[in-house]
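Summary of the model geometry
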Amino acid sequence: MKKILNLEIPDTDYFYAPPMAYMLSVLNTFGKSNEKVMLWIISNFIDICIDINLCSLDIPDGSLVYEEYFRQELWYGCPFISSMDLNADFVRKISEGNFTELVKMALELDYFVYADLNRKYIPNYNQDRDVQHNLLIYGYDEEEKIMNIADYFRNHRFTKEVCQFSNIDQAYKYMYRVFDYEKFSYVNLFRYRSDTNFEFSIDEVKRKLIDYIEGTNLMRKYHYQFFGFEYQNSKEIYYGITYYDALIEILHKDKIFTPKTIQLLVSNKMIMKKRIELLNENIIDKEKFKCESERLLKETVKLRNLILKLNLRNASNKILDLKEKNNVSERIKLLKEQDYILTRSLLENI
C-alpha cells in the first residue's frame, strides 16, 4: 500500500525558508485555478524583519541571524490552509513509539506532515550533529518502506526526495538529543482548503506598504506576537525598509551574510513585481512601475549573487575586506533608496 500526495514545486524565487516553501508548494498544487490565492500572497508577504543580535547555546560561533516575513503563526495566517498541532505527548500515545504509523494515518486523510526531526538520522542531510529541522512528509510506500520528504537538503535548493521508514522513526525518537528540543516537540498536520471567505482589500495592502517604508515596529504598534521567535535576543528587530540598515550593520560587525539573509530580499522584490502586475487596473502609469520593479529585482539579484561569490572566494572565514565592505555597503544603500522611491510612488498611485 502507498499514498503520495500531489506536491508541485513552483518555478519561482519566492522561497527563502521551509515553511514558506511548503505552503506555497501546496497552494501552487491545489490553488492554481483560484485567483484569490495570489491576491492573498501579494497582500501578506510585504513586511520583512531581521534580528542580527541573537544568541543561542547551540550556535557556538555566535553567527545566528533571524530573518523572516513578519508572521503571527506557522502558515502566515493563510486562509487557504487548514491545520492542527499535535503535542508530543499525544503523538507518543497514538503512535506508540512508531512515528511513521502516525504519519501514514495523516497522509491517508490527505494531510501533509510538518515535523521537527533530528537531521542526524536522515541521511539526505549528511549531518553528523544532533540538529533540529522542520521537514515536510508528503507520501509513503509500505512495500518499499520509504517516505517521500521535501526540504532544503543541500546547496540551498528545495527538493523532493525519499528516505527509509527507520530514518524517520529514529529522527523523531532522538529529538531529545537536540539542545532545547522541547521548543520543537509538536507535529503539524495541514492541507489545502478552498472554502474560505477571503476578500482582497487594496486598503489593507496600502496600510502594510506604509508600515514597510516607515520601518514600523509591528510588535509595538499592533501588539502583535512574532511567531517562532524563540531565541534569546536584544529585542532590536529591524522592520521593513530598515532591513537594509541591518545588512550594513552586519558588515560593520563582521558577521556572515547567509544566502537566506539576501534571498529574503529577492523574495520580497519578486512578490512586489507580482503585486504590481496584479494591481494593474489600479495603477496609474503601470508600465513605469513594471519597469521599476523589474529593475529593483534585477539589482537585488545582483547583490545576492555578489555576496554568494564573495562568500565562496573567502571560504575560510567569509569575512569581507574593507574594499569589499564598501562596495557591498554602497549597493545596499542604493537598493534601499530605489525600494523606498518605488514603494512611495506606488502608494501615491493606487
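Let me sum up the structure you'll find in this document. (Residues numbered from 1 in each chain as written. Predicted model: local features only at pLDDT ≥ 70, side-chain atom pairs only at ≥ 80, totals over all residues. Heavy atoms only, no water.)

1. Side note on the overall build of the chain
- Assigned secondary structure in the chain consists of eleven helices and ten strands.
- In the chain, which comprises 350 residues, the proportion classed as buried is 53%.
- Element-wise, carbon and sulfur atoms account for 48% of the exposed surface of the chain, whose accessible area totals about 17100 Å². (Helix = DSSP H or I, 4+ residues; strand = E, 2+ residues; numbered from the N terminus. Buried < 20%, exposed > 50% of the residue type's maximum accessible area, 1.4 Å probe, protein only. Areas by Shrake-Rupley, 256 points an atom, 1.4 Å probe, with all protein chains shown as cover.)

2. Remarks on the pattern of salt bridges
- In this structure the tally under the stated criterion is 19 salt bridges.
- Residue Lys3 pairs with Asp110 through a salt bridge whose shortest N-O separation is 2.8 Å. Taken together, the residues span a long stretch of sequence, with Lys3 in strand β1 (residues 2–4) and Asp110 in the loop between α4 (99–108) and β5 (112–118) at a distance of 107 residues.
- A salt bridge links Glu330 to Lys333; its shortest N-O distance comes to 3.7 Å. Residue Glu330 and its partner Lys333 are both found in helix α11 (residues 322–348); the two are separated by three residues, about one turn of the helix.
- Salt bridges here are not isolated pairs; linked through shared partners, they connect Glu101, Lys104, Glu142 and Lys145. (Salt bridge = Lys/Arg side-chain N within 4 Å of Asp/Glu carboxyl O.)

3. Section: the sheet that holds strand β2 (residues 48–51)
- A sheet is described by the order of its strands in space; here three strands give the open sequence β3-β2-β10, paired in antiparallel fashion. Either end of the sheet is taken by a strand with one partner, and the two such strands are β3 (66–69) and β10 (238–239).
- In this structure, β2 lies alongside β10, joined through two bridges in antiparallel fashion. Bridge pairing in β10 places Ile50 opposite Tyr238.
- Here helix α9 (residues 259–278) sits on the sheet and contacts β2 and β3; the angle it forms with β3, its principal contact strand, is near 15 degrees. (Pairing = 2+ DSSP bridges. Contact = heavy atoms within 4.5 Å. Axes fitted to C-alpha atoms, helices over the stretch in contact; angles between N-to-C directions.)

4. Points about unusual backbone geometry
- Positioned with a positive phi, Tyr76 is a non-glycine residue whose angle comes to about 60 degrees.
- Within the chain, Asp110 stands out as a residue other than glycine whose phi angle is a positive 70 degrees.

5. Considerations on the packing of aromatic side chains
- Scanning the model with the defined rule gives 18 aromatic pairs in all.
- Relative to Phe112, the ring of Phe30 has its centre 6.3 Å away and its plane inclined at 75 degrees; by these criteria the two rings are edge-to-face. Remark: Phe112 occurs in strand β5 and Phe30 occurs in helix α1 (residues 18–30); sequence separation between them is 82 residues.
- For Phe30, a relative accessible area of 38% puts it in the partly exposed group.
- On the basis of relative accessibility, which here comes to 1%, the residue Phe112 falls in the buried class.
- Taking the centre distance of 5.0 Å and the plane angle of 50 degrees together, the rings of Phe45 and Tyr76 count as tilted. Within this pair, whereas Phe45 is found in the loop between α2 (35–44) and β2, its partner Tyr76 is found in the loop between β3 and β4 (81–86), the two being separated by 31 residues in sequence. Exposure class is identical for Phe45 and Tyr76. Each is buried.
- Three or more aromatic residues joined by ring pairs make a cluster, and in this case those are Tyr22, Phe30, Trp75, Phe80, Phe112, Tyr114, Tyr152, Phe158, Phe190, Tyr192 and Phe198.
- The ring centre of Tyr76 lies 4.7 Å from the NZ or CZ of Arg71, which sits over that ring.
- Across the ring face of Phe289, the terminal group of Lys288 is positioned such that the distance to the ring centre comes to 5.4 Å. (Phe/Tyr/Trp six-rings, centres within 6.5 Å; stacked < 30°, edge-to-face > 60°. Lys NZ or Arg CZ within 6 Å of the ring centre and 35° of its normal.)

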